[in-house]
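Geometric and topological summary
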Amino acid sequence: MPLWKLHGDGRTVAPGAVVRPDERLNWPGTIAIGVQHVVAMFGATFLVPILTGFPVSTTLLFSGAGTLLFLLLTRNRLPSYLGSSFAFIAPITALNGGKALESAEQITQALVGVVAAGVLLAAIGFLVQAVGTGWIDKLMPPVVAGSIVALIGFNLAPAAWNNFQKQPELATVTLAAVVLFSVLFRGFLGRISIFLGVVVGYIVALFTGQVKFDGVAEAAWIGLPDFHLAAVGDPKAWALVPMFLPVVLVLIAENVGHVRGVATMTNDPEINKHTGRALVADGLATTLAGGFGGSGTTTYGENIGVMAATRVYSTAAYWVAGVVAILLAFSPKVGVIFNSIPSGVLGGVTTALYGLIGVIGIKIWVDNRVDFSRPVNQYTVAVSFVIAIAGFMMSWGTFQLGAIVLGTVAALVIYHLGNAIARWRRSGADDGGPIPAVGPLGGDPA
């Protein structure tokens, strides 16, 4: 029995119809859409290793391999590409004062944190598979979940400025291109504005002599990626693990949101039953990547955009995308070329990118109509944000807790303890739930 049924004539999708996960177009069409998924994920996935100092080709390899593992573990029923998660940038770069890692030792130490995050995410996935997601909603109500997602992005603001100020003119051009493309184009092109902004910035850098091609000519077209083994025997590496644990909360939010999004767009609520499997699969993919030199993975919104634009949700296209990514990973020259991207281009694109991570958290508040007239909600956000943006840190000897950990703990403690006290005292300071909708919602006609 074939893995996928042919949708209609295999060439067209009727108005109002979608190509479901267990269907496919003809193979030429499926391959074309699979390659389009690679283009969609590429802009974000290659930025993570460049910003963290991880090997580009290795990260690309494990994003492709992680995608294939995800498809296997979700029984080929949940379309998704597992690209590099931006949530890992902050704890990884914290090992080097907010800058990209500069030595193999630093990389192997950071990989322990990636592995730990992956193992924890997989364990939570097994728990969700057994008991559902209700406990996650109680632990991380919208105001807390939004705060944690947003503070990870805002904590990276100084890193964006460090690159921006090195080549401010080039950074400004890149940033302007990102914003322009996001409002100029509709559909798929608008969703890859980050990638297009990098392309424009790189071209401008080429014409102005700001690109250094050191090592490009010497790099082989075909070769093995640069593998690193996680330093599981290094006590210093384990002391860094707490910085990575809040990332798990972001990965949970992204995976749960992805599953619900696909279920909604395909009008198939049964897909929501695969939430636990999705978490397990992403956790194991992150563990695999961290064990051998790649960055942690997550389900990609860029590829959701491709599915929404094409109305093709076939997992066959993702098998193609995963295989293509793996093949690209075996070209050292590709990795060297990506490493030649100037600091100004990175500064411009990350100014937008890190801010967008913050906006995703704020969108969680808007979607759930969080009531910010309540003191508990106000202080949950206020304290955690200042901790993250200012870069608070606590140390006990060689053991350190960074701003993301402290901000996450602050959000959880203030919200839950504050609510308990406010309700005990009946002070009215507690979270009273979503604000009631009054009148037409934004965008609706009066």
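Structure: above.
Bear in mind the structure is a predicted one, so any value in this text is a computation, not a measurement.

1. Looking at the pattern of salt bridges
- Per the counting criterion, the structure on display carries eight salt bridges.
- In this structure, Asp9 engages Arg11 in a salt bridge whose closest nitrogen and oxygen atoms are separated by 3.7 Å.
- We classify Asp9 as partly exposed; its relative accessible area is 38%.
- For Arg20, the salt bridge is made with Asp268, and the minimal N-O distance between the two is 3.0 Å. Taken together, the residues Arg20 in the loop between β1 (5-6) and β2 (23-24) and Asp268 in the loop between α12 (245-265) and α13 (275-292) connect sequence positions 248 residues apart.
- A residue is classified by how much of its surface remains accessible, and Arg20, at 29% relative accessible area, is partly exposed.
- Look at Asp268 and you get buried, because its relative accessible area is 15%.
- When salt bridges that share partners are traced, they join Asp371, Arg374, Arg423 and Asp430 into one network.

2. Looking at the environment of Ala390
- Along the polypeptide, Ala390 turns up in helix α18 (residues 375-390).
- The exposure class of Ala390 is exposed, given its relative accessible area of 52%.
- Between the C-alpha atoms of Ala390 and Leu127, which are 263 residues apart in sequence, the distance is 35 Å.

3. Brief notes about helix α10 (residues 193-207)
- With 15 residues, α10 extends 21 Å between its outermost C-alpha atoms, agreeing within 8% with the 21 Å of an ideal straight helix rising 1.5 Å per residue.
- Among all positions of α10, only Ser193, Ile194, Leu196, Gly197, Val198, Gly201, Tyr202 and Ala205 are buried.
- Following α10 by one or two positions, Gly209 has its phi on the positive side, about 70°.

4. Considerations on the nonpolar core
- Judged by nonpolar contacts, the single largest core of 114 residues is most densely connected at Phe86, Ile341 and Tyr354.
- In terms of residues, this core owes the most to one element, helix α4 (residues 104-131), which gives eleven residues.
- Setting aside residues up to four positions removed in sequence, Phe86 forms contacts with Ala44, Leu47, Val48, Leu156, Tyr300, Leu353 and Ile357.
- Counting six residues, the second largest nonpolar core, distinct from the first, contains Val13, Val19, Ile33 and Ala317.

5. A word on the packing of aromatic side chains
- For the coordinates displayed, the defined rule picks out nine aromatic pairs.
- For the ring pair Phe88 and Phe244, a centre distance of 6.5 Å and an interplane angle of 45° mean the geometry is tilted. Placement of Phe88 in the loop between β3 (82-84) and α3 (89-93) and of Phe244 in the loop between α11 (235-239) and α12 is noted, with a sequence separation of 156 residues between them.
- Classification of Phe88 as buried rests on a relative accessible area of 0%.
- If you follow Lys333 out to its NZ or CZ, it ends over the ring of Trp221, 5.1 Å from the centre.
- We note Arg425 situated over the ring of Trp424; from NZ or CZ to the ring centre the distance is 5.9 Å.

6. Looking at the packing of helix α2 (residues 56-73) against helix α15 (residues 315-329)
- Remark: α2 packs on α15, axes separated minimally by 8 Å, with the N-to-C direction vectors making an angle of 155°. With respect to each other, α2 and α15 are oriented roughly antiparallel. Crossing hand, α2 versus α15: left-handed. Every residue of α15 that contacts α2 at Ser57, Leu60, Leu61, Ser63, Gly64, Ala65, Thr67, Leu68, Leu71 and Leu72 is listed here: Thr315, Tyr318, Trp319, Gly322, Val323, Ala325, Ile326, Leu328 and Ala329.
- Split by residue class, the contact of α2 with α15 holds 13 nonpolar, six polar and no charged.

7. Comments concerning the packing of α4 against α12
- Contact geometry of α4 with α12 gives a least axis separation of 9 Å together with a crossing angle of 45°. Here α4 is positioned oblique relative to α12, judged by the angle of their axes. Taken as a pair, α4 and α12 cross one another with a handedness that is right-handed. On the side of α4, the interface is formed by Ala117, Leu120, Leu121 and Ile124, while α12 contributes Leu245, Val248, Leu251 and Ile252.
- Split into classes, the residues belonging to the contact of α4 with α12 amount to eight nonpolar, no polar and no charged.

How each quantity is defined
Residues numbered from 1 in each chain as written. Predicted model: local features only at pLDDT ≥ 70, side-chain atom pairs only at ≥ 80, totals over all residues. Heavy atoms only, no water. Salt bridge = Lys/Arg side-chain N within 4 Å of Asp/Glu carboxyl O. Buried < 20%, exposed > 50% of the residue type's maximum accessible area, 1.4 Å probe, protein only. Helix = DSSP H or I, 4+ residues; strand = E, 2+ residues; numbered from the N terminus. Expected span 1.5 Å × (residues − 1). Core = buried A, V, L, I, M, F, W, Y, C linked by side-chain atoms within 4.5 Å. Contact = heavy atoms within 4.5 Å. Phe/Tyr/Trp six-rings, centres within 6.5 Å; stacked < 30°, edge-to-face > 60°. Lys NZ or Arg CZ within 6 Å of the ring centre and 35° of its normal. Axes fitted to C-alpha atoms, helices over the stretch in contact; angles between N-to-C directions. Parallel < 35°, antiparallel > 145°, perpendicular 65-115°, else oblique. Left-handed = near helix turned anticlockwise from the far one by under 90°. Nonpolar A, V, L, I, M, F, W, Y, C, P; charged D, E, K, R; others polar.

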